[in-house]
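These are the residues of each chain, in order.
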Amino acid sequence: MAVDEAASMIQNFDPKNKPKRNKFALACAILASMTSILLGYDIGVMSGAALYIQRDLKVSDVEIEILNGIINLYSPLGSFIAGRTSDWIGRRYTIALAGVIFFVGAILMGFSPNYAFLMFGRFFAGVGIGFAFLIAPVYNSEISPTSSRGFLTSFPEIFLNGGILIGYISNYGFSKLPLRLGWRLMLGVGAVPSIFLAVAVLAMPESPRWLVARGRLGEAKRILHKISDSEEEARLRLADIKDTAGIPQDCDDDVVLVTKRSHGQGVWKELFLHPTRAVCHIFIASLGIHFFAQATGIDAVVLYSPRIFQNAGIKSDNYLLLATVAVGFVKTVSVLVATFLLDRAGRRVLLLCSVSGLILSLVTLGVCLTVVGHSGSTLTWAIGLSIAAVLAYASTFSIGSGPITWVYSSEIFPLRLRAQGVAIGAVVNRVTSGVISMTFLSLCKAITTGGAFFLFAGVAVAAWIFHYTMLPETRGKTLEEIEGSFGHFWRNPKPKGLHCADGDIQLRSSAQTSTDVN
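Residues numbered from 1 in each chain as written. Predicted model: local features only at pLDDT ≥ 70, side-chain atom pairs only at ≥ 80, totals over all residues. Heavy atoms only, no water.

- Looking at an unreviewed UniProt entry, the protein chain carries the name Major facilitator superfamily (MFS) profile domain-containing protein, with the source organism given as Phaseolus coccineus.
- What the UniProt record of the protein chain gives under Subcellular location (unreviewed entry) is the line "Membrane".
- Listed under Sequence similarities (unreviewed entry) in UniProt, the entry text for the protein chain is "Belongs to the major facilitator superfamily. Sugar transporter (TC 2.A.1.1) family." (UniProt positions renumbered as here; feature names shortened; annotations may be inferred.)

Dropping the structure here:
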């Protein structure tokens with residue numbers, strides 16, 4: 001239903017009477033972000049399905065770790081391909097392709113007769129997820145007005161958390177079915193939304209930045225008129241993009257020849273061989289924020305929450321899955337709260353507060369599980385406090401670290417480096433996630449479950465220090481202006497040209513802004 005409404009909004013939108021929040025950009029962001037449901041559903045559903053897969057196929061804990069985590073090692077392949085594909089065929093068709101690939105994976109997993117075939121299906125699902133993981137934040141950052149870019153770019157995280165919640169609910173609902181049928185339906189029903197979304201995203205317009213890079217200036221102008229909050233903003237955004245693409249400002253042809261490409265061999269040279277100080281800073285910031293988002297243990301909590309609650313003292317499958325549904329619900333509500341704070345409080349403040357909350361909840365969970373591990377009886381208070389700590393962890397992650405990772409990394413790269421830069425960040429994100437999810441059970445056996453969460457707490461402390469010293473604020477700046485905020489390690493320079501107060505763009509003068517940007 002949400003897809004139909006968003007598609008209808010796009011088809012019927014009239015840009016003459018713009019509301020305070022641009023409905024056209026909102027509808028585009030909704031459609032693009034709904035591909036993230038596929039990733040969220042897979043993460044959520046595997047947490048419960050793994051219990052029944054292990055019982056049905058008689059596989060070991062190590063095989064379950066591999067089954068859960070391998071998709072995160074497959075998805076970087078999808079992200080790398082998507083980074084190039086999005087430059088070749090555009091952001092919109094890349095999103096559609098993601099849905100098709102995931103559809104194949106879900107069908108294969110749903111009909112898996114054995115563990116090997118199930119792993120084969122996980123490969124296709126992982127590649128499809130890699131596509132969606134990369135392209136939705138990029139598209140949203142490029143389609144969003146400056147005043148609401150944080151709000152709209154956080155949408156993929158909202159739908160990812162919604163997908164996790166749906167996956168948890170699916171676990172609870174299908175758990176009542178016979179063992180051989182239940183887990184296969186849990187995995188197979190992921191095919192239903194994927195093909196529908198692949199068709200629905202075709203109602204979206206293409207990214208204006210991609211269109212300008214391809215010389216389709218007339219189409220880009222019309223789309224910028226629809227997705228901007230004012231005529232002045234549309235004009236300034238077009239000027240910024242033309243400057244980045246190497247198109248003269250006085251060129252107003254509908255189709256132009258672009259000689260300065262925003263992708264290709266030069267991108268990799270600029271990122272790895274001859275980066276400027278600003279690009280080096282941006283690259284380190286992107287890698288760091290992606291690494292710490294996963295290294296603080298979110299996938300361990302999301303994928304293995306039934307195991308965590310078992311270790312805390314809960315024995316019934318019913319109660320385990322219900323407690324897990326509560327985790328999904330809290331994550332979804334928290335990320336909704338975050339979307340309304342991103343463009344008000346700013347990325348930096350929310351991120352630092354979020355990581356502080358992670359540290360406290362991880363230490364609390366580590367203490368509770370350590371006490372339970374050394375006790376010979378069931379401790380009701382420890383069960384309750386463990387559940388509260390997991391819920392607090394899920395909430396604080398989703399208010400800051402979760403959505404801001406993608407908002408921040410997708411907006412800090414300049415246009416010429418954006419697709420490949422975000423792709424590399426997505427690879428770091430997924431590889432780190434894969435390592436955590438494929439080693440968590442073994443780690444718990446080696447240093448205890450409580451010890452594992454103390455380790456994650458230590459990583460969270462390192463994350464807080466990194467974020468404080470390396471990440472400048474980006475709220476209220478145009479995508480093209482943000483590059484000037486980097487290259488000054490350990491300090492946050494004041495923005496030039498464009499200033500933002502309460503989410504509204506205020507201009508000094510058109511001439512000065514055009515000179516200051518880039």
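Following the structure, the description resumes.
1. Side note on the overall build of the protein chain
And then number 1: Of the regular secondary structure elements, the protein chain holds 23 helices and 2 strands.
And then number 2: The buried share among the 518 residues of the protein chain stands at 62%.
And then number 3: Contacts spanning at least 24 positions in sequence make up 80% of the contacts within the protein chain whose residues lie at least 6 apart.
And then number 4: Accessible surface, the protein chain as shown: approximately 19100 Å² in total, 66% of it carbon and sulfur. (Helix = DSSP H or I, 4+ residues; strand = E, 2+ residues; numbered from the N terminus. Buried < 20%, exposed > 50% of the residue type's maximum accessible area, 1.4 Å probe, protein only. Contact = heavy atoms within 4.5 Å. Areas by Shrake-Rupley, 256 points an atom, 1.4 Å probe, with all protein chains shown as cover.)

2. Observations regarding a nonpolar patch on the surface
And then number 1: A cluster of nonpolar side chains, namely Val-363, Val-367, Val-371, Trp-381, Leu-385 and Phe-454, defines an oily patch on the protein surface of about 490 Å² accessible area.
And then number 2: Going through the elements one at a time, helix H18 (347–373) and helix H19 (380–412) are the ones with two or more residues in the nonpolar patch.
And then number 3: Per-element tally for the nonpolar patch: the top contributor is H18, with 3 residues.
And then number 4: Structurally, Val-363 can be placed in helix H18. (Patch = residues over 30% accessible without salt bridge, like charges linked within 9 Å, V, L, I, M, F, W, Y side chains within 5 Å. Salt bridge = Lys/Arg side-chain N within 4 Å of Asp/Glu carboxyl O.)

3. A word on the packing of aromatic side chains
And then number 1: Under the counting rule described, the total for this entry stands at 14 aromatic pairs.
And then number 2: When the ring of Phe-120 is compared with that of Phe-124, the centres are 5.3 Å apart and the planes differ by 85 degrees; the resulting orientation is edge-to-face. One end of the pair, Phe-120, and the other, Phe-124, are both in helix H6 (residues 115–143), 4 residues apart, so they sit about a helical turn from each other.
And then number 3: With a centroid separation of 5.8 Å and an interplanar angle of 75 degrees, the aromatic rings of Phe-453 and Phe-456 are classed as edge-to-face. Pair noted here: Phe-453 and Phe-456 are both in helix H21 (residues 449–470), with a separation of 3 residues, about one helical turn. In terms of burial, Phe-453 and Phe-456 fall into one category: buried.
And then number 4: Taken together, the ring pairs connect Tyr-74, Phe-117, Phe-120, Phe-123 and Phe-124 into an aromatic cluster.
And then number 5: The aromatic ring of Tyr-172 is capped on one face by Lys-176, whose charged end is 3.9 Å from the ring centroid.
And then number 6: The positively charged end of Arg-348 is found above the aromatic ring belonging to Tyr-468, 5.1 Å away from the centroid. (Phe/Tyr/Trp six-rings, centres within 6.5 Å; stacked < 30°, edge-to-face > 60°. Lys NZ or Arg CZ within 6 Å of the ring centre and 35° of its normal.)

4. Considerations on empty space enclosed by the protein
And then number 1: What the rule picks out here adds up to 7 cavities of 30 Å³ or more.
And then number 2: Approximately 150 Å³ is the volume found for the largest cavity.
And then number 3: Forming the boundary of the largest cavity are 19 residues, of which Glu-157, Leu-160, Gln-294, Phe-397 and Arg-430 lie nearest the centre.
And then number 4: Here the lining of the largest cavity gets 5 residues from one element, more than from any other, and that element is H19. (1 Å grid on protein atoms, 1.4 Å probe; cavity = no way out; pocket = protein on both sides within 12 Å on 5 of 7 lines; lining within 4 Å. Points joined across faces, edges and corners; volume = space filled by probe spheres on them.)

5. Examining the pattern of salt bridges
And then number 1: By the definition in use, this model includes 11 salt bridges.
And then number 2: Between Arg-180 and Asp-56 there is a salt bridge whose closest N-O contact spans 3.9 Å. Of this pair, Arg-180 sits in helix H9 (residues 179–188) while Asp-56 sits in helix H3 (residues 36–57), and the two are 124 residues apart along the sequence.
And then number 3: The class of Asp-56 is buried, set by a relative accessible area of 14%.
And then number 4: As a salt-bridge pair, Glu-233 and Arg-237 come within 3.9 Å of each other at their nearest N and O atoms. Residue Glu-233 and its partner Arg-237 are located together in helix H13 (residues 231–245), separated by 4 residues, close to a single helical turn. Pair check on accessibility: Glu-233 and Arg-237 agree, each one buried.
And then number 5: Where salt bridges share partners, they join Asp-56, Arg-180 and Arg-184 into one cluster.

6. Re the environment of Pro-403
And then number 1: Mapped onto the elements, Pro-403 comes out in helix H19.
And then number 2: Separated by 65 residues in the primary sequence, Pro-403 and Ala-338 place their C-alpha atoms 7.6 Å from one another.
And then number 3: Apart from residues lying up to four places away in sequence, Pro-403 is in contact with Ser-154, Glu-157, Val-335, Ala-338, Phe-397 and Ser-398.

7. Some points on H21
And then number 1: Between its first and last C-alpha, H21 extends 31 Å over 22 residues, near the 32 Å set by a 1.5 Å rise per residue.
And then number 2: Within H21 the residues assigned to the buried category are Thr-449, Gly-450, Gly-451, Ala-452, Phe-453, Phe-456, Ala-457, Ala-460, Ala-463, Phe-466, His-467 and Met-470. (Expected span 1.5 Å × (residues − 1).)

8. As for the side chain of Asp-299
And then number 1: Structurally, Asp-299 is set in helix H16 (residues 298–312).
And then number 2: For the buried residue Asp-299, which engages in no salt bridge, the nearest side chain bearing the opposite charge is Arg-430, 4.5 Å off.
And then number 3: Setting aside its immediate chain neighbours within four residues, Asp-299 contacts Asn-72, Gln-294, Tyr-304, Arg-430 and Ser-433. (Lys, Arg positive; Asp, Glu negative; His and termini not counted.)

9. Some words on the environment of Ala-389
And then number 1: Summarising the element assignment, Ala-389 is placed in helix H19.
And then number 2: Its relative accessible area of 5% is what places Ala-389 among the buried residues.
And then number 3: Among residues more than four places away in sequence, those in contact with Ala-389 are Ser-361, Thr-364 and Leu-365.

10. Re the nonpolar core
And then number 1: If you look at the biggest cluster of nonpolar residues, it comprises 148 residues, and the most contacted ones within it are Ile-53, Leu-187, Phe-440 and Phe-453.
And then number 2: Here this core takes 14 residues from H6, the largest share from any one element.
And then number 3: The contacts of Phe-453, once residues within four sequence positions are left out, are Val-301, Ile-308, Leu-362, Leu-365, Gly-366, Leu-369 and Phe-440. (Core = buried A, V, L, I, M, F, W, Y, C linked by side-chain atoms within 4.5 Å.)

11. As for unusual backbone geometry
And then number 1: Non-glycine residue Lys-58 carries a positive phi angle of around 55 degrees.
And then number 2: In this structure, Lys-58 sits in the loop between H3 and helix H4 (61–88).
And then number 3: Owing to a relative accessible area of 67%, Lys-58 belongs among the exposed residues under this scheme.
And then number 4: Positive phi values are uncommon outside glycine, yet Thr-448 reaches one of about 75 degrees.
And then number 5: Among the secondary structure elements, Thr-448 is positioned in the loop between helix H20 (418–447) and H21.

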